[in-house]
Every structure is written in C-alpha cells, then in structure tokens.
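# Fold and geometry: a report
Chain residues, written in single-letter form:
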Amino acid sequence: MVRTVGDGADGSLSDRELCDQVMTLLVAEPTGHALAWAVHLVATHPEVEARLHAENDRVLSGRRSPEVTDLPRLEYTGRVFTEVLRLYPPGWMFTRTTTSATELAGRSLPRGADVLYSPYALHRDPRLFPAPGTFDPDRWSPDRARLVPRGAFIPFGAGNRKCIGEHFGTVEALLALSTLCARWRLRPVPGAEVRPRPETTLGTGPLPMLALPRARG
C-alpha cells in the first residue's frame, strides 16, 4: 500500500491519504463478523447445513478448498451468505449528510443535516421480507429474490458511498465458508450465549464452537 501512486508531485501518498486508506480497509471489510454469524446460523439450522455440505461436496469433488472459479456453482452457499447479511449486516448503521434542503418521510431536513439509517432494521421490516426473523436462504432463489423491492437490501450501503469492500469481502467470505464446510461440522458450545453486539460493526461477541471433522458425502 505504501507504494501506491497518489496525487503528490512525486506520485506518493501523503500521510493523510495513507491514513485514510488504512482506515478504509479496517472499517469497510468486516468479513470476520459476517463469517461468525454464518457459522452460528448454519450450525443451528441442520437442514441448511445438510444442503450446504451436499453442494460443497458436489462442487469441490474431493478437494479441500474451493477456487474463485467454483463460486458460480456454489449457488446455495451464496444464498446462505446473502441471508446472513440480511439478518446480521456488519454495517448495522450508516450516515448521510444532506447536500440541500429536502423532505424525508414527512420531515423537513435542512442542508447539512446528518441522517442515520439502519440496514439491520430495514432488513427486518415485514413489509419487505415475509417472516423477517426466519433464517431462510431460499428467499434468495431467483424466483423469490426478484420480488425484493429495490433498496430493501443494502448490507453494504448504497450510492456513491457504497462500501468499497463489497466484492472483495463477499468473495473472501464465500471461499472461507466453503472451506469450512468441506472440512468441518461446527457445533455451538452448550450454554454459550450469542447475541448481537452493535459496535463499529455488528459482531457476535465470544463465539465458542466445537469443530468436528466430517466425512465427505
């Protein structure tokens, strides 16, 4: 990163630009939290786990790790992760600043007003997602996904301030989830409490799990 070409006269990044780039990577790519929710939800939904393992066994054909070229065929794995992002988007709260006076939901907002909005709350609106508290990866099957209204699913934000790490983070998470499925069957530790921790990103808090080697299907 320190060799990245910037706007300086010598092509280098200024200290401020370097700091901004580092902060972007630290804040905008919380793949770990999304994966924690994914393994928790899969482990507590046996029917989802069974389909996930079957797909990965079929696509990987004995390999222990997926390649990027496998992702288009890991269709159900993609649905699972999309549903994880709906229920527990790491970016649970975003802000915007109005550039001109406007009206939003019947309220007048002056220029320069800070507006907070929550993908977590939006994704659980029953007007947008039937049975919003249910973990249902099939709601992202092609025939059902097209019924989701535009702007109803925004785990990475929207517009020109959309998360810069969307594509990289999604690919990274799918490869990691597929690798875990190929090797392990994860089980919650009895008595462990898992609940949303709304800090900078939406984490699970401590997530002790038992990793059991599994036989291939």
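Refer to the structure printed above.
In short, a report on the structure.

Summing up its helical and strand segments, the chain has 7 helices and 8 strands in all. Expressed as lengths along the three principal axes of its C-alpha atoms, the size of the chain is roughly 60 × 50 × 35 Å. Within the chain, the proportion of its 217 residues that are buried is 35%. Here the analysis covers contacts within the chain between residues at least 6 apart in sequence; of these, 66% occur between residues at least 24 apart. Of the roughly 12,900 Å² that the chain leaves accessible, carbon and sulfur atoms contribute 57%. Distance between charge centroids for the chain: 5 Å, based on 27 positive and 24 negative side chains.

A word on the pattern of salt bridges. Two side chains bearing opposite charge may form a pair once their charged atoms approach each other closely. This structure, assessed with the given rule, holds 14 salt bridges. Notably, a salt bridge pairs Arg79 with Asp138, separated by 2.9 Å at the nearest N-O pair. Taken together, the positions of Arg79 in helix α4 (residues 75-87) and Asp138 in the loop between α5 (119-122) and α6 (142-145) put the pair 59 residues apart, joining distant regions of the chain. With a relative accessible area of 23%, Asp138 lands in the partly exposed category. It is possible to trace a salt-bridge network through shared partners that takes in Arg51, Glu75, Arg79 and Asp138.

Buried together is how nonpolar side chains tend to be arranged in soluble globular proteins. Counting 28 residues, the largest nonpolar core has Val80 and Phe135 as the members making the most contacts within it. Contributions of two or more residues to this core are made by α2 (31-43), α3 (46-60), α4 and α7 (166-183). Look past the residues within four positions of Phe135 in its chain and what remains in contact with it is Leu41, His45, Val48, Val80, Glu83, Val84 and Leu87.

The tally for this structure, following the rule as stated, stands at 1 cavity of 30 Å³ or more. If you add up the space inside the largest cavity, you get close to 100 Å³. Val39, Val42, Ala43, Glu49, His53, Leu177, Leu180, Cys181, Trp184, Arg185 and Leu186 are the residues that line the largest cavity. Elements that contribute at least two residues to the lining of the largest cavity include exactly α2, α3, α7 and β5 (184-188). Taken together, the residues that form the lining of the largest cavity break down as 8 nonpolar, 1 polar and 2 charged.

On to the side chain of Arg139, then. Looking at the element boundaries, Arg139 is found in the loop between α5 and α6. Taking relative accessible area as the criterion, Arg139 reaches 5% and is therefore assigned buried. In terms of polar contacts, Arg139 uses its side chain to reach the backbone carbonyl oxygen of Pro130, at 3.0 Å. When residues no more than four places from it in sequence are discounted, the contact partners of Arg139 are Glu83, Arg86, Phe129, Pro130, Ala131, Pro132, Thr134, Arg144 and Ala145.

Before going further, it helps to examine the packing of aromatic side chains. Counting across every chain of the model gives 4 aromatic pairs. Ring centres of Phe129 and Trp140 lie 6.1 Å apart, and the angle between their planes is 55°; this geometry places the pair in the tilted category. Here the residue Phe129 occupies a position in the loop between α5 and α6, and Trp140 occupies one in the loop between α5 and α6, the gap between them amounting to 11 residues. Pair check on accessibility: Phe129 and Trp140 agree, each one buried. Above the face of the Phe129 ring, Arg86 is positioned so that its terminal group lies 5.3 Å from the ring centre.

Cut-offs applied
- Residues numbered from 1 in each chain as written.
- Predicted model: local features only at pLDDT ≥ 70, side-chain atom pairs only at ≥ 80, totals over all residues.
- Heavy atoms only, no water.
- Helix = DSSP H or I, 4+ residues; strand = E, 2+ residues; numbered from the N terminus.
- Buried < 20%, exposed > 50% of the residue type's maximum accessible area, 1.4 Å probe, protein only.
- Contact = heavy atoms within 4.5 Å.
- Areas by Shrake-Rupley, 256 points an atom, 1.4 Å probe, with all protein chains shown as cover.
- Lys, Arg positive; Asp, Glu negative; His and termini not counted.
- Charge placed at Lys NZ, Arg CZ, Asp CG, Glu CD.
- Salt bridge = Lys/Arg side-chain N within 4 Å of Asp/Glu carboxyl O.
- Core = buried A, V, L, I, M, F, W, Y, C linked by side-chain atoms within 4.5 Å.
- 1 Å grid on protein atoms, 1.4 Å probe; cavity = no way out; pocket = protein on both sides within 12 Å on 5 of 7 lines; lining within 4 Å.
- Points joined across faces, edges and corners; volume = space filled by probe spheres on them.
- Nonpolar A, V, L, I, M, F, W, Y, C, P; charged D, E, K, R; others polar.
- Polar contact = N/O pair within 3.5 Å; in protein donor to acceptor, adjacent residues only side chain to side chain.
- Phe/Tyr/Trp six-rings, centres within 6.5 Å; stacked < 30°, edge-to-face > 60°.
- Lys NZ or Arg CZ within 6 Å of the ring centre and 35° of its normal.

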